[in-house]
Each structure stands twice: as C-alpha cells, then as structure tokens.
Amino acid sequence: MTQLEEILLSSGSKRMVTQALFYISDDESRVKELLNLLDAKTDKLAMRAAWVTSWLYEQYPLIEKHGDFLFQTFISTPHSSIRRSMGRVFAFSSLLVVTENVLSKLIDTSYTFLMDRKQPIVVRVYCIQILEKVAKLNNELNEELRHTLLPLANDEQSAAILSKISHQL
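Structural notes, computed from the coordinates. (Residues numbered from 1 in each chain as written. Predicted model: local features only at pLDDT ≥ 70, side-chain atom pairs only at ≥ 80, totals over all residues. Heavy atoms only, no water.)

Where helix α2 (residues 14-24) contacts helix α4 (residues 43-56), the axes come no closer than 10 Å and their chain directions differ by 65°. As summarised for this structure, α2 and α4 are arranged roughly perpendicular, according to the angle between their axes. Viewed along their axes, α2 and α4 form a crossing whose handedness is right-handed. Along the contact surface, α2 presents Lys14, Met16, Val17, Ala20, Leu21 and Ile24, while α4 presents Arg48, Trp51, Val52, Trp55 and Leu56. Here the residues of the contact of α2 with α4 sort into 9 nonpolar, no polar and 2 charged. (Axes fitted to C-alpha atoms, helices over the stretch in contact; angles between N-to-C directions. Helix = DSSP H or I, 4+ residues; strand = E, 2+ residues; numbered from the N terminus. Parallel < 35°, antiparallel > 145°, perpendicular 65-115°, else oblique. Left-handed = near helix turned anticlockwise from the far one by under 90°. Contact = heavy atoms within 4.5 Å. Nonpolar A, V, L, I, M, F, W, Y, C, P; charged D, E, K, R; others polar.)

If you want it as structure tokens, here you go:
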C-alpha cells in the first residue's frame, strides 16, 4: 500500500483531505497517482481520491494538465460521489484552459446532467455553475442557458437548484 493510499484510508474527514493535499503538493507523479486511484478496486479508495481531487485544483493546474481525463471520469463513473467531485472541479476551476474539444463536450454533458432528474441534486447544481461560467465567455450560450432554465424553474422541486437558477435569471 502506498503512502497516499494509507492517507486516504486513514479517515473520512477534512483532515485526511488536508493531509493528502499536503503530501501531493504540486508533485506531478503524486497527482497522477491520485488520479489513477479514481479507478481503484475499492469504492472507498476511489471516492476518497475523488474528494481530494475536488480540492486539488486550488494548488495545482488540474484542469490544464488533466482536463481530458477528469472529463472522461465525470461522464463515465458509475459513482455519484465521484461525479459530484469531478463536477466540483469543473465548476470552480478556470475553464479558459480547457481545450475547445473538451469544452464543447462539457457543455453538452452539463446540459444533459442538468435535465436528468436521476442525477444527484449537487451534480445538477454544479452543472448550472459550469454552464454559467461558459455563458460568461459566450453571449449566445448565455441566452440559451436562460431559455433552458426558465421552464426548468417552473417544474423544479429542489430548493438548491431553484436558488441557483434564480441567480442566473
């Protein structure tokens, strides 16, 4: 078992996240080790690796260097907690560094997840945040987002989603 795996399995607390972030720092090999754990054989290890990844963007150019991998994880993971963590990375990172190819797929995926009521509420909220960020870069998308959110606001039950929509409208 590696030192990073030991840290991740030590506890499910914010302290564990802080320890893991300190251990990883900006060491590229440790970042890759963390990202490889997103496909860990145990769900517990994969979910904790995703949790740490969701905070790593603050100290490391995660999207810039691993955006394609993170996007693939976002769309393909069967675990809602891992999808939530990847959504958080995209929602709070600068999307200016995402390649055009990934950005267009991220927009489409965010719309799809936003409209999918089977997705966890927090994933849908992160999708709104992602779309808001992209819309600030492109006025056409801003209008499209408004037209998507208006009918959704009339039919939505989640207070978190309604709150996020009200900020956009």
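The next point concerns helix α9 (residues 139-155). Here α9 is 17 residues long and its end C-alpha atoms lie 25 Å apart, about the 24 Å a rise of 1.5 Å per residue gives. For α9, the complete set of buried residues consists of Leu141, Leu145, Thr148, Leu149 and Leu152. Here α9 starts with a cap whose side-chain oxygen sits 2.9 Å from the backbone nitrogen of Glu140, and that cap is Asn138. (Expected span 1.5 Å × (residues − 1). Buried < 20%, exposed > 50% of the residue type's maximum accessible area, 1.4 Å probe, protein only. Polar contact = N/O pair within 3.5 Å; in protein donor to acceptor, adjacent residues only side chain to side chain.)

Quick look at unusual backbone geometry now. Non-glycine residue Ser25 carries a positive phi angle of around 50°. Structurally, Ser25 can be placed in the loop between α2 and α3 (28-36). Look at Ser25 and you get partly exposed, because its relative accessible area is 35%.

Moving on, we come to the environment of Leu56. Within the secondary structure layout, Leu56 lies in helix α4. Under the relative-accessibility criterion, Leu56 is labelled buried at 0%. Setting aside chain neighbours within four positions, we find Leu56 in contact with Leu21, Ile24, Ser25, Val31, Leu34 and Leu62.

Further remarks concern the packing of helix α6 (residues 80-92) against helix α8 (residues 121-137). What describes two packed helices is the angle between their axes and the distance between those same axes. At a minimum axis separation of 9 Å, α6 and α8 run at an interaxial angle of 20°. By the angle between their axes, α6 is roughly parallel relative to α8. Read as a crossing pair, α6 and α8 show a hand that is left-handed. Counting all contacts with α6, which are made through Ser80, Arg83, Arg84, Gly87, Arg88, Phe90, Ala91 and Phe92, the residues of α8 involved are Val122, Val123, Tyr126, Gln129, Ile130 and Lys133. Within the contact of α6 with α8, the residues separate by chemical class into 7 nonpolar, 3 polar and 4 charged.

Counting residues in each nonpolar core, the largest one holds 56 residues, and the members touching the most others are Leu8, Val52, Leu62 and Phe90. The leading source of residues in this core is α8, at 9 residues. When sequence neighbours within four positions are dropped, the list of residues in contact with Phe90 reads Ile63, Gly67, Leu70, Phe71, Phe74, Leu95, Leu106, Ile130 and Lys133. (Core = buried A, V, L, I, M, F, W, Y, C linked by side-chain atoms within 4.5 Å.)

On the surface, Leu96, Val97 and Leu137 cluster together into a nonpolar patch covering about 290 Å² of accessible area. Within the fold, Val97 resides in the loop between α6 and α7 (100-115). (Patch = residues over 30% accessible without salt bridge, like charges linked within 9 Å, V, L, I, M, F, W, Y side chains within 5 Å. Areas by Shrake-Rupley, 256 points an atom, 1.4 Å probe, with all protein chains shown as cover. Salt bridge = Lys/Arg side-chain N within 4 Å of Asp/Glu carboxyl O.)

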